[in-house]
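Okay, here's what each chain looks like letter by letter:
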Amino acid sequence: MASVFEYAPAPESRSVVDIAPSYGLFIDGEFVEAADGKVFKTVSPSTEEVLSEIAQAGEADVDRAVRAARTAFGKWSALPGSERAKYLFRIARIIQERSRELAVLETLDNGKPIKETRDADLPLVAAHFFYYAGWADKLDHAGFGPSPRPLGVAGQVIPWNFPLLMLAWKIAPALATGNTVVLKPAETTPLSALFFADICRQAGLPKGVVNILPGYGDTGAALVAHPDVNKVAFTGSTAVGKQIARTVAGSRKKLTLELGGKGANIVFDDAPIDQAVEGIVSGIFFNQGQVCCAGSRLLVQESVQDELLESLKRRLSTLRLGDPLDKNTDIGAINSAEQLSRITTLVERGEAEGAERWSPDCELPTSGYWFAPTLFTNVTQAHTVARDEIFGPVLSVLSFRTPEEAVAKANNTPYGLSAGIWTEKGSRILAVAGKLRAGVIWSNTFNKFDPTSPFGGYKESGFGREGGRHGLEAYLDVR
Amino acid sequence: MSDKTDKTAQRRLSVFKTYKLYVGGKFPRSESGRVYEVSDTKGTWLANAPQSSRKDARDAVVAARKAFGGWSGATAYNRGQILYRVAEMLEARRGQFVHEVADAEGLSKSRAAEQVEATIDRWVWYAGWTDKIAQVVGGGNPVAGPYFNLSSPEPTGVVTVLAPQESSFLGLVSVVAPVIATGNTAIVIASERSPLPALSLGEVFATSDLPGGVVNVLSGRTAEIAAPLAAHQDVNAIDLAGADEALAKELEIAAADNLKRVLRPQPVDDWSADPGTDRMTAFLETKTVWHPTGSLGASGSSY
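So, how was this worked out
Residues numbered from 1 in each chain as written. Chains lettered and ligands numbered in written order. Predicted model: local features only at pLDDT ≥ 70, side-chain atom pairs only at ≥ 80, totals over all residues. Heavy atoms only, no water. Contact = heavy atoms within 4.5 Å. Buried area = accessible area lost by both parts, 1.4 Å probe. Salt bridge = Lys/Arg side-chain N within 4 Å of Asp/Glu carboxyl O. Polar contact = N/O pair within 3.5 Å; in protein donor to acceptor, adjacent residues only side chain to side chain. Helix = DSSP H or I, 4+ residues; strand = E, 2+ residues; numbered from the N terminus. Nonpolar A, V, L, I, M, F, W, Y, C, P; charged D, E, K, R; others polar. Buried < 20%, exposed > 50% of the residue type's maximum accessible area, 1.4 Å probe, protein only. Pairing = 2+ DSSP bridges.

Draft legend 1. Structural view of the interface of chain A and chain B. Taken together, the contacts link 45 residues of chain A with 37 residues of chain B. Between chain A and chain B, a total of about 3200 Å² is buried, with carbon and sulfur atoms accounting for 48% of that surface. Linking chain A with chain B are two salt bridges. With a shortest N-O distance of 3.1 Å, R465 of chain A and E285 of chain B are connected by a salt bridge. Linking chain A with chain B are 27 residue pairs in polar contact (both at pLDDT 80 or more), by the criterion used here. Among the secondary structure elements, those contributing two or more residues to the side of chain A that touches chain B are α8 (238-248), β11 (254-258), α14 (426-435) and β18 (440-443) of chain A. Residue contributions to the side of chain A that touches chain B peak at six residues, all from α8 of chain A. Its residues placed into classes, the side of chain A that touches chain B shows 17 nonpolar, 14 polar and 14 charged.

Put into structure tokens, the structure is as follows:
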């Protein structure tokens, strides 16, 4: 598809980031090896190049980190809120100073385009620390009683789709409220969390307040189950979320879960089509669709379906897939071989079940993990591609005739995280938004985030909210 | 026979009440046909209460789900009016409840009266919350961009409530009222040993404009009724107030299957203390709606 959209390559320099050949665990303010000496490799999903070798935390390391966090908790929680605030402000500033470095690092380790890490992830990461820094000395005014108390040691397990942003969502409110933290980043994207550990050192954060334990699912499971953890926060799949809920059952651990989604993006016949197309594209192709709140089900009013699909296909043909470090790249690499195979399996099932698959002409690089932007039409509500979370650049298109039908179809899912509404009619926005069972509703826009704005799901998309005043509750004893 | 003995023989025989469940606005007997004996704290028989089965529990879920749309969609003002109407009916039946609470909890008439008065006042307190909770826990978010962004609370759905075992009326109302004040519908499992005040409360609901199915009252073995409800895919939340530690853990594990919101048992020494808002917020979701504002950007007008 050589066209006017053929751009000259404009790769971001990777020399701004210095990745060491190996990294340890970050426990009690020091980088240390795993007790059993285990390590794993993290690779760049766009090239399969090994970036670094990372210490893999085992049960003994989890115990050591939790003990460090417990010891640190006494002093940290006793600090005046205004002092804790200053640490968080320092961290926010250092993140801003190092944001170019961190953006490149994140793109290398995750595979997402530099324009997303640079323009979305990093500004939001800094903003979260700024926002919660300001809460640290104002907790009495947050609406949770006159002297809300921290919970203690927070065990946090985060996913690979927004490694540093999810860290910020977890660590900023935890520290602002006076908790200490043991965080496990995902096994495919541990690097930015380890760089964050270095930022904590630069900021002079007391030892043990933040501990980072790279590892696989078993590391996370050990952290969640540790008897001296007071609060568990998890972002990831619904299946793992249910397992965690069973693990903490009967304990006093406070739990918040941000899980899967199958968001409906509803386009009414009076919607501005060009704007809607942009919203649909950002809804499902942002971060290669590896977003829990992605608008992965397009519900389009029958009368405008053909027109919309034509525009959408034309727009998809202009998306540029390739080197994530290139500033012109829209679609980067899929995060891992495992995720690519999951997407591939689900898409093949979609075809086998009779949905019609379409992708623009799109050359995929020969190394790395890639999946072309994909549309499914002729989809019914019973199809796997309309029910299961694919977590990839795959959009399923369904149609509807009346607003009631749109609402019924949108709500026909065990998930309830996000939804989109496209219409010029204000009363329709409010009526439909009121009826949708979802935690975040974007009208005439999609995939917008802000630290002041609570985020989280209904039903099997989990419970609790992150962000905003609501996000403080997860880290406070509000009984 | 003398006139005297004649008079004694003719002394009026009281009418016993057959206590029934309250499900979907109706008063069914248990589908199981079972009852169990309820006695006062001295062991004197008071009545036979229905011993609900799994089927009764499932029927209650159907009724609660059916009522959810109308109840959650009613205006908060309307819900407040109806809740206040319940308080009016409670006040009128004060004597009956004093009697039942005294029997259930082994209290003197005056202590029981205090409990009942506190209960009615508690109900009035929650009636006043219906149209205020959204203002207290919701609000606008000052996002850094040209967007209008509003967070508002919404009821989570169908809530199973295991009523406290000891406080048969004040404890019961303290866990039921916050659930429905916020627009949820409820399936209430009454105190196992002292279910009569709860079953009589169903009669109050039936005469209070409360739509059928908004509150459903089951009596019987708490563990037996709670198990299918904790596992039920169409129940959104569970309040484990009336569960002991072992049962609470078992039910919490079952509740994980569809990620129900779980309110764990909280030790309550004094049910008459200020309850706070936690029992309301435990069963609320937060919905955040975004819309472009068309604010003037650096580049000029965009609306």
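Following the structure, the description resumes.
Draft legend 2. Expanded view of the side chain of T235 of chain A. All names here are of chain A. When you line up the elements, T235 lands in strand β10 (residues 231-235). For T235, a relative accessible area of 7% gives the class buried. Setting aside chain neighbours within four positions, we find T235 in contact with V157, I158, P159, M166, K170, E258 and E466.

Draft legend 3. Just the pattern of salt bridges, in detail. All names here are of chain A. For the coordinates displayed, the defined rule picks out 42 salt bridges over all chains. K86 is the partner of E83 in a salt bridge, and the nearest nitrogen-oxygen pair spans 3.1 Å. In this pair, E83 and K86 both sit in helix α2 (residues 81-97), three residues apart, roughly one turn of the helix. The partner of R401 in a salt bridge is E302, with the nearest N and O atoms 3.1 Å apart. With a gap of 99 residues between them, R401 in the loop between β16 (394-400) and α13 (403-411) and E302 in the loop between β13 (297-301) and α10 (305-316) connect regions that are remote in the sequence.

Draft legend 4. Local environment of the sheet that holds strand β1 (residues 22-23) of chain A. Residues and elements named next belong to chain A. Pairing within the open sheet is mixed, and its three strands lie in the order β1-β5-β4. Of all strands in the sheet, those bounded by a partner on one side alone are β1 and β4 (39-43). Sheet topology note: the β4/strand β5 (residues 50-55) ladder contains five bridges and is antiparallel. Across the sheet, the residue bridging to V43 is V50, located in β5.

Draft legend 5. Spotlight on the pairing of strand β15 (residues 374-377) of chain A. All names here are of chain A. The alternating pattern of β15 places T374 and F376 on one face and L375 and T377 on the opposite face, and all of these are buried. As paired strands, strand β14 (residues 356-358) and β15 are joined by three bridges and run antiparallel to one another. By the bridge assignment, E356 is partnered in β15 with T377. Where β15 meets β16, three bridges bridge the pair, whose relative direction is parallel. Within the sheet, the bridge partner assigned to T374 lies in β16 and is V394.

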